[in-house]
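Next come the chains, spelled out residue by residue.
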Amino acid sequence: MHEFSDKAILTELGVFVKAKRLEQNKTQQQLADMAGVNRSTIVQIENGSGSTIISFIQVLRALDQLHLFATFQIKPVVSPLLLAKQALGKRKRARSKAQSSSNKPQSNW
């Protein structure tokens, strides 16, 4: 994909949307109604002439293809050293609370 021009990438996205639409046996108008966009927006996307990212997301949502954006999610990475430090700070035993001197019975000695 790195060697593709921006226009070529838009064309590939359009081919993908059209293939998924036809796979689901939907017309451009049906997809547009489901996505909440104009049919001309679907035509623009499928022709690779561009659209807004919001429109593209709406179309992918209507095609049930939002999972494609999973690669954009940033997952936190915890280092093994940090995990080891956190494990050292965990309690390993419970200790009974020290009784205060006011709760002890007085000695008669």
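Placed above this text is the structure.
Structure report, in brief. Bear in mind the structure is a predicted one, so any value in this text is a computation, not a measurement.

1. A short note on the pattern of salt bridges
- The final tally for this structure, using the stated rule, is two salt bridges.
- A salt bridge links Lys20 to Glu23, with the shortest nitrogen-to-oxygen separation between them at 3.5 Å. Of this pair, Lys20 and Glu23 both sit in helix H1 (residues 6-23), three residues apart, which is roughly one turn of the helix.
- Here Glu46 makes a salt bridge to Arg21, at a shortest N to O gap of 2.5 Å. Residue Glu46 is located in helix H3 (residues 39-47), and its partner Arg21 is located in helix H1; the two are separated by 25 residues in the primary sequence. The exposure classification of Glu46 matches that of Arg21, with both residues buried.

2. Section: the environment of Ser79
- Structurally, the position occupied by Ser79 is in the loop between helix H4 (53-62) and helix H5 (80-88).
- Separated by 37 residues in the primary sequence, Ser79 and Ile42 have C-alpha atoms spaced 45 Å apart.
- A polar atom in the side chain of Ser79 sits 3.1 Å from the backbone nitrogen of Leu82.

3. Overview of the packing of H1 against H3
- For the pair H1 and H3, interaxial distance at closest approach is 6 Å and the crossing angle is 120°. One finds that H1 runs oblique with respect to H3. Facing H1, whose interface residues are Lys7, Leu10, Gly14, Val15, Val17, Lys18 and Arg21, H3 presents Ile45, Glu46 and Asn47.
- A per-class count over the contact of H1 with H3 returns four nonpolar, two polar and four charged.

4. Some words on unusual backbone geometry
- Located in the positive-phi region is Asn25, a residue other than glycine, with phi close to 55°.
- As for its placement among the helices and strands, Asn25 is situated in the loop between H1 and helix H2 (28-35).
- Overall, Asn25 belongs to the exposed group, its relative accessible area being 68%.
- The phi dihedral of Asp64 is positive, around 60°, even though this residue is not glycine.
- With respect to the helices and strands, Asp64 occurs in the loop between H4 and H5.

5. Thoughts on a nonpolar patch on the surface
- A surface patch of nonpolar side chains, amounting to about 250 Å² of accessible area, comprises Val78, Leu82 and Leu83.
- Taking the relative accessible area as the measure of exposure, Leu83 reaches 47% and is therefore partly exposed.

6. A look at the nonpolar core
- In this structure, Val17, Leu31, Ala32, Ala35, Val37, Ile42, Ile45, Phe56, Val59, Leu60, Ala62 and Leu63 together form the largest nonpolar core, which totals 12 residues.
- Among the elements of the structure, H2, H3 and H4 are those that each provide at least two residues to this core.
- Per-element tally for this core: the top contributor is H4, with four residues.
- Not counting residues up to four positions away in its chain, the partners in contact with Val37 are Ala32, Ile42, Ser55, Gln58 and Val59.

7. Topic: the packing of H2 against H4
- Between H2 and H4, the least distance of the axes is 8 Å, while the angle of their chain directions is 105°. One element, H2, and the other, H4, form an angle in the roughly perpendicular class. Note on element contacts: H4 touches H2 through Gln58, Val59 and Ala62, opposite Leu31, Met34 and Ala35.
- For the contact of H2 with H4, the class distribution of residues is five nonpolar, one polar and no charged.

About the cut-offs
Residues numbered from 1 in each chain as written. Predicted model: local features only at pLDDT ≥ 70, side-chain atom pairs only at ≥ 80, totals over all residues. Heavy atoms only, no water. Salt bridge = Lys/Arg side-chain N within 4 Å of Asp/Glu carboxyl O. Helix = DSSP H or I, 4+ residues; strand = E, 2+ residues; numbered from the N terminus. Buried < 20%, exposed > 50% of the residue type's maximum accessible area, 1.4 Å probe, protein only. Polar contact = N/O pair within 3.5 Å; in protein donor to acceptor, adjacent residues only side chain to side chain. Axes fitted to C-alpha atoms, helices over the stretch in contact; angles between N-to-C directions. Parallel < 35°, antiparallel > 145°, perpendicular 65-115°, else oblique. Contact = heavy atoms within 4.5 Å. Nonpolar A, V, L, I, M, F, W, Y, C, P; charged D, E, K, R; others polar. Patch = residues over 30% accessible without salt bridge, like charges linked within 9 Å, V, L, I, M, F, W, Y side chains within 5 Å. Areas by Shrake-Rupley, 256 points an atom, 1.4 Å probe, with all protein chains shown as cover. Core = buried A, V, L, I, M, F, W, Y, C linked by side-chain atoms within 4.5 Å.

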